[in-house]
Amino acid sequence: MQIQAKPNEALPEIVPQGWSRRFTMPLFRQGTQVKHAGRWETVDYVKLRRLELMVYLVGRNEPVATRELEVSPLLFTTERVPTVENIGYSHGL
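Parameters at a glance
- Residues numbered from 1 in each chain as written.
- Predicted model: local features only at pLDDT ≥ 70, side-chain atom pairs only at ≥ 80, totals over all residues.
- Heavy atoms only, no water.
- Pairing = 2+ DSSP bridges.
- Helix = DSSP H or I, 4+ residues; strand = E, 2+ residues; numbered from the N terminus.
- Salt bridge = Lys/Arg side-chain N within 4 Å of Asp/Glu carboxyl O.
- Buried < 20%, exposed > 50% of the residue type's maximum accessible area, 1.4 Å probe, protein only.

Visitor: Would you mind going over the pairing of strand E4 (residues 52–57) in detail, with residue names and values included?
Guide: On a regular strand, one side chain projects to one face of the sheet and the next to the other, so that they alternate. Pairing analysis gives six bridges linking strand E3 (residues 39–49) to E4, with the strands arranged antiparallel. Bridge pairing in E4 links Lys47 to Met54. Following E3, the chain reverses through two residues before pairing antiparallel with E4; Arg50 in that reversal takes a positive phi of roughly 50 degrees. Pairing of E4 with strand E5 (residues 64–65) involves two bridges; the strand directions are antiparallel. Within E5, the residue paired with Met54 across the bridge is Ala65. What sits between E4 and E5 in their antiparallel hairpin is a turn of six residues, with Gly59 showing a positive phi close to 85 degrees.

Structure follows, in structure tokens:
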């Protein structure tokens, strides 16, 4: 059996691991709901401490490492998006 290539068929875009147009990443910011030790908690604030991101939860004095938290990752893009000036809004907004 012989397979012939179709000249008008576009090849799928080959993208190296981690270099796609979109990627997911957890985002820890104030008000984000996270799961810690099986309970839902709310992020109070975050701090960079000795090259590690530490998350402080509402009502707790001690920070929590991000590896101990569960959070839904958000979808980000590496493509440019139009700026405010380019979509018709006034500059003073």
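Visitor: A description of the sheet that holds strand E6 (residues 69–70) should follow, citing residues and the corresponding values.
Guide: The sheet built from five strands is open, its strands ordered E5-E4-E3-E2-E6 with antiparallel pairing. The open sheet has two edge strands with one neighbour each: E5 and E6.

Visitor: Go over the pattern of salt bridges with me, naming the residues and quoting the values.
Guide: Scanning the model with the defined rule gives three salt bridges in all. As a salt-bridge pair, Glu41 and Arg39 come within 3.9 Å of each other at their nearest N and O atoms. On the basis of relative accessibility, which here comes to 9%, the residue Glu41 falls in the buried class. Two residues, Glu52 and Arg67, come together in a salt bridge whose shortest N-O distance is 2.6 Å.

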